[in-house]
Amino acid sequence: MLIKQVSILKTFKCTGADCPANCCRGWKIPIDDDTYSKYITQKGGPGFVLRRSLDKKEELTSFKCGIRLRCPFWGADRLCGLQKRYGTDLMPRVCVEFPRQLSHFGSFCEETLYLACPEAARLFLKQAREKIPFGFEDSAGEPYYEPNTTNSDFDFLNYLLKTRDTLISMLENGCGLNTCLLEYAKAAQGKCLEYGSRGLTTGYGASGLPLPDPLDYKISDGSLFTVDARMMHTLFFKGFYHPSLKRSSPVLYKLCKSYIREFYALTKSNPDAADRKLDLLMESVYDHIPDFDSIMIAYYEYFLLKNFLDIFEDYCFVNHMLLGMAQAQMLRLFVALYCHKHLNGRDMLSAKELSVIIAVYERRAPQIMDALGKIL
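Residues numbered from 1 in each chain as written. Predicted model: local features only at pLDDT ≥ 70, side-chain atom pairs only at ≥ 80, totals over all residues. Heavy atoms only, no water.

Observations concerning the overall build of the protein chain
Then comes step 1: Scanning the protein chain from terminus to terminus reveals 17 helices and six strands.
Then comes step 2: Taking 376 residues into account, the globule formula puts the C-alpha radius of gyration at 21 Å, and the protein chain, at 22 Å, falls close to it.
Then comes step 3: Counting across all 376 residues of the protein chain, residues that qualify as buried make up 49%.
Then comes step 4: Taking contacts inside the protein chain between residues at least 6 apart in sequence as the whole, the part at least 24 apart equals 76%.
Then comes step 5: Carbon and sulfur atoms make up 52% of the accessible area of the protein chain, which totals about 18,400 Å².
Then comes step 6: Of note, the protein chain has its 47 positive side-chain charges centred 10 Å away from the centre of its 44 negative side-chain charges. (Helix = DSSP H or I, 4+ residues; strand = E, 2+ residues; numbered from the N terminus. Rg over C-alpha atoms; globule rule 2.2 N^0.38 Å. Buried < 20%, exposed > 50% of the residue type's maximum accessible area, 1.4 Å probe, protein only. Contact = heavy atoms within 4.5 Å. Areas by Shrake-Rupley, 256 points an atom, 1.4 Å probe, with all protein chains shown as cover. Lys, Arg positive; Asp, Glu negative; His and termini not counted. Charge placed at Lys NZ, Arg CZ, Asp CG, Glu CD.)

What follows is the structure, given as structure tokens:
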């Protein structure tokens, strides 16, 4: 089978104890069915310890992480005790795979990296700054993971693949996060709804009608996508923020508290003043990261590579494309807040600092989807 690996995957290697934001802390670690079966049948002392460490609920089996939200097998040396003693045999599947995102579409697979890992974020940032386009390297093999889609409309899948290439090409040629991309998404989603109501297939088959081409939407007719203070307030409080971040992600929690102190009351009492203050804060990023615009374009390109084919399952063009734009804008907010709080004057933000901000932010960023319905 064709297996496509994103360009930064081949050079990824876990940094282990040196990781500045270890994935063994900050979230529940789910136990897949195969690993759970191993734990239940494991003999002797190891089996007793493993079973005692489980928290089994109807909807989820995970390790007991306690109030500090850290894996019980994460040692004082900041390494995994299970891996040191047993290799990967008794590690949950998610621990073995993270930060790899493995997508099986039936006829081919795509393997990418979640940027929620600081090392993955560092590799992303390095390639973005070297202006090397992100893409896939093809190989052949037998995937060990099962298909994760129920759709068999391969005309539609081929359309999505071609469209993703077109969108990324538009971004590389100066489109930027333009609202014309959202106009295209609305048109494509409307066509899908039209086809469904008429009992037609999507794509270019004999019974289908062609879906729109992003190139038909003129950049000159749109504007750059921005988030004003009220929209940011909605994204932040209706999807992103939760008090539990204080335990799960202290770095991110401190940045969230900075945002609340700076903007919560002002957005409520004087939205126009909040808009001006937010604009100034966002613009201040360039004092510390002069190439920030190109990083944000690369961030959205990478988002499309990693997430655009999710549309194959739910047909929600607008939600997925808007999510990437909203995530980019909120990432900009947190980078700006960090620079404002930790840097003086025109000190440059280091690549290590930026990689950590991206990683801790990415662990929470998908929750923004919960707020999109409030702003559409």
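Picking up after the structure, the text goes on.
Considering the sheet that holds strand β5 (residues 108-113)
Then comes step 1: Read from one edge of the open sheet, four strands run β4-β5-β1-β6, paired in mixed fashion. Two strands lie at the open edges of the sheet, namely β4 (100-104) and β6 (136-140), each paired on one side alone. If you compare each strand with its neighbour and ignore which way they point, the axes differ by 20° on average.
Then comes step 2: By the bridge criterion, five bridges tie β4 to β5 in an arrangement that is antiparallel. By the bridge assignment for β5, glutamine 101 is matched with threonine 112. (Pairing = 2+ DSSP bridges. Axes fitted to C-alpha atoms, helices over the stretch in contact; angles between N-to-C directions.)

Let's talk about the packing of aromatic side chains
Aromatic ring pairs are reported here in terms of the distance separating the ring centres and the angle at which the planes meet.
Then comes step 1: The full count for this structure, using the stated rule, is 32 aromatic pairs.
Then comes step 2: On the numbers, 6.0 Å between centres and 10° between planes, the contact of tyrosine 300 with phenylalanine 303 is stacked. Of this pair, tyrosine 300 and phenylalanine 303 both sit in helix α13 (residues 292-307), three residues apart, roughly one helical turn.
Then comes step 3: Stacked on the ring of phenylalanine 136, the Lys or Arg lysine 4 has its end atom at 5.2 Å from the ring centre.
Then comes step 4: One Lys or Arg, lysine 277, reaches over the ring of phenylalanine 263 and ends 5.6 Å from the middle of that ring. (Phe/Tyr/Trp six-rings, centres within 6.5 Å; stacked < 30°, edge-to-face > 60°. Lys NZ or Arg CZ within 6 Å of the ring centre and 35° of its normal.)

Notes on the pattern of salt bridges
Then comes step 1: Evaluated as defined, the whole model comprises 12 salt bridges.
Then comes step 2: Ionic pairing is found between glutamate 183 and lysine 186, a salt bridge with its closest N-O pair at 3.6 Å. Linking glutamate 183 with lysine 186, this pair stays in helix α7 (residues 179-197), spanning three residues, or about one helical turn.
Then comes step 3: Each of Lys4, Glu110 and Arg164 takes part in one network of salt bridges that share partners. (Salt bridge = Lys/Arg side-chain N within 4 Å of Asp/Glu carboxyl O.)

Some points on the packing of α13 against helix α15 (residues 317-342)
Then comes step 1: The geometry of α13 relative to α15 is characterised by a closest axis approach of 10 Å and an angle of 145° between their N-to-C directions. Considering how the two elements wind past one another, α13 and α15 form a crossing that is right-handed. Across the interface between the two elements, Phe292, Asp293, Met296, Tyr299, Tyr300 and Phe303 of α13 pack against His320, Met321, Leu323, Gly324, Met325, Gln327, Ala328, Leu331, Arg332 and Val335 of α15.
Then comes step 2: Split by residue class, the contact of α13 with α15 holds 11 nonpolar, three polar and two charged. (Left-handed = near helix turned anticlockwise from the far one by under 90°. Nonpolar A, V, L, I, M, F, W, Y, C, P; charged D, E, K, R; others polar.)

Quick look at the packing of helix α1 (residues 33-41) against helix α2 (residues 44-52)
Then comes step 1: At a minimum axis distance of 7 Å, the contact between α1 and α2 shows a crossing angle of 130°. Classified by the angle their axes make, α1 and α2 are oblique. Along the contact surface, α1 presents Tyr39, Ile40 and Thr41, while α2 presents Gly47, Leu50 and Arg51.
Then comes step 2: Looking at side-chain class alone, the contact of α1 with α2 contains three nonpolar, two polar and one charged residues. (Parallel < 35°, antiparallel > 145°, perpendicular 65-115°, else oblique.)

Thoughts on unusual backbone geometry
Then comes step 1: Going from phenylalanine 98 to proline 99, the amide bond is cis rather than trans, its omega being 10°.
Then comes step 2: Phi is positive for tyrosine 315, which is not a glycine, with a value near 65°.
Then comes step 3: Mapping tyrosine 315 onto the fold places it in the loop between α14 (311-314) and α15.

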